[in-house]
Amino acid sequence: MEKNQEILRIEDLNVSINNKLIIKGLNLRINKGEIHAIMGKNGSGKSTLAKVISGHPMYEITKGKIFFKSKDITNEEPDIRSHMGIFLGFQYPVEVSGVSNIDFLRLAYNSKRKEIDKQQIDPLAFFDLVSKELKNINMDPLFLNRSLNEGFSGGEKKKNEILQMSLLKSELSVLDEIDSGLDVDALKDIAQNINTFHSSNNAILFITHYQKLIEYIKPDYVHIMDNGIIKLSGNKELATKIDKYGYEYVI
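In this convention, every chain numbers its residues from 1, walking through the sequence in written order. For this predicted model, a pLDDT threshold of at least 70 governs which residues receive local features, and a threshold of 80 or more governs which side-chain atom pairs are given and counted, while totals over whole chains, interfaces and linings are taken from all residues. Side-chain metrics rest on all non-hydrogen atoms present in the structure, leaving aside hydrogens and water.

Under an unreviewed UniProt entry, the protein has the name Iron-sulfur cluster formation ABC transporterATP-binding subunit and belongs to Vertebrata isogona.

Stacked, edge-to-face and tilted are the three classes for Phe, Tyr and Trp ring pairs, Trp counted by its six-membered ring, which pair at centre distances within 6.5 Å; planes under 30 degrees apart are stacked, over 60 edge-to-face, the rest tilted. The final tally for this structure, using the stated rule, is 2 aromatic pairs. Measuring from ring centre to ring centre gives 5.7 Å for Tyr 109 and Phe 126, while their planes differ by 50 degrees; the resulting arrangement is tilted. Within this pair, whereas Tyr 109 is found in helix α3 (residues 101-115), its partner Phe 126 is found in helix α4 (residues 123-136), the two being separated by 17 residues in sequence. Across this residue pair, the class does not change: Tyr 109 and Phe 126 are buried. The helix and strand labels rest on DSSP assignments: H or I over at least four residues marks a helix, E over at least two residues marks a strand, and numbering proceeds from the N terminus. Throughout this description, buried means an accessible area under 20% of the type-specific maximum (1.4 Å probe, protein chains only), exposed means over 50%, and partly exposed covers the range between.

With that settled, the discussion passes to the UniProt feature "domain: ABC transporter" (unreviewed entry) in the protein. Here the UniProt-annotated "domain: ABC transporter" (unreviewed entry) positions come out as residues 8-251. Between the end C-alpha atoms of residues 8-251 there is a gap of 25 Å, over a span that is 39% helix and 30% strand. UniProt positions are given in the numbering used here, feature names are shortened, and annotations may be inferred rather than shown by experiment.

Now for the sheet that holds strand β1 (residues 6-17). For two strands to be treated as a pair, DSSP must find no fewer than two bridges joining them. The 4 strands lie next to each other as β2-β1-β4-β5, forming an open sheet whose pairing is antiparallel. Two strands bound the open sheet, and with one partner strand each, they are β2 (20-31) and β5 (71-72). Contacting β1, β2 and β4 (60-68), helix α1 (residues 46-54) crosses the sheet at an angle of about 115 degrees to β1. Whether two residues are in contact is decided by their heavy atoms: any pair within 4.5 Å suffices. A fitted line through C-alpha atoms represents every axis, and for helices the fit uses only the stretch in contact; the resulting angles, taken between N-to-C directions, go from 0 to 180 degrees.

Okay, the packing of α3 against helix α5 (residues 154-168) next. Put simply, α3 and α5 touch, their axes get as near as 10 Å, and they point 30 degrees apart. By the criterion of interaxial angle, the relationship of α3 to α5 is roughly parallel. In this structure, α3 meets α5 at a crossing whose hand is right-handed. Here α3 contributes Asn 101, Phe 104, Leu 105, Ala 108, Tyr 109 and Lys 112 to the contact with α5, which in turn contributes Asn 160, Leu 163, Gln 164, Leu 167 and Leu 168. Polar here means any residue outside two lists: the nonpolar Ala, Val, Leu, Ile, Met, Phe, Trp, Tyr, Cys and Pro, and the charged Asp, Glu, Lys and Arg; Gly therefore counts as polar. When the residues that make up the contact of α3 with α5 are grouped by side-chain class, the tally is 7 nonpolar, 3 polar and 1 charged. Under this scheme an angle from 65 to 115 degrees is roughly perpendicular, one under 35 degrees roughly parallel, and one over 145 degrees roughly antiparallel; angles in between are oblique. Two helices that cross are described as forming a left-handed crossing if the nearer one is turned anticlockwise from the farther one by less than a right angle, and a right-handed crossing if clockwise.

Before going further, it helps to examine unusual backbone geometry. Unlike most non-glycine residues, Asn 19 shows phi in positive territory, near 65 degrees. As for its position among the elements, Asn 19 is in the loop between β1 and β2. Taking relative accessible area as the criterion, Asn 19 reaches 79% and is therefore assigned exposed. Phi at Asn 149 is positive, roughly 65 degrees, even though this residue is not glycine. With respect to the helices, strands and loops of the structure, Asn 149 is situated in the loop between β8 (147-148) and α5.

Listed below in C-alpha cells is the structure:
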C-alpha cells in the first residue's frame, strides 16, 4: 500500500441547518491505516460532522468540499457514499419492527455488491458469511432473527453496528459516540472489535466524550472541536489532558 494514501479530505467546510451555521471552516485529512478521534463539548459540531460526511440530507453545505479517495463527494447522495465505502455508526441506532436483522444485513450487503457489479449472494451463502463475522465479534447468532435493534440493549445495538461495518468492509468508518450508554465490559468488547476490524486498508474516525475509549483504541490523532471548527490536534495524550484539566484549560 502506498504510504500516506489519502482516504478523506475536508476543505474549508461550512455547514448549516435551519439557517444556523454549525460547522465554520473545518479542515481535516485522514489517510488509509489511520485512526482519528474527535472530542469536544456538547454542541461543538461533532455529530453534525459525522452526519455530513455520510451525506445526511438535513444539513446544507454552504461552502467547502469533501473528498473521498480523491473524488469530490460534496453533493453525493448517502447511498452512493455508502457504496463507495463510507459507513456511519449511529449514536442511537433505530429500532425497526417487523424487519429481521439478517434480512436487513443481507439487503445492505447485496445492495453494495450490485452497485460494484458483483453477483448477489443467496440467503444460505449469506448465513455462512454472517456467521463467521458473528464469531469474530462474539455476537450471539440469535440476534439475526430478531427485529432490527428491537429490544436490543445498548451494547447489543452498538455491536450490531460493528457487525454491519465488518460485513460491508467499509473503507472509512465514522463512529458517532459508539461508546454511548455502554458499561465497562461492553466498552472493552466494542473497542476490541474496532481494533480487530482496523487495517492498513481502511480508516476510522470516531467521536467520543470519554478518555477510556481513547485508551482502548489508541488513535493516531485526537482532534478537539469547539464552536464548529477543529481547535487543536495531537496524539492520544491530548485526551489525557482533557480528562485531567477540562476543555477550557486545554483549548
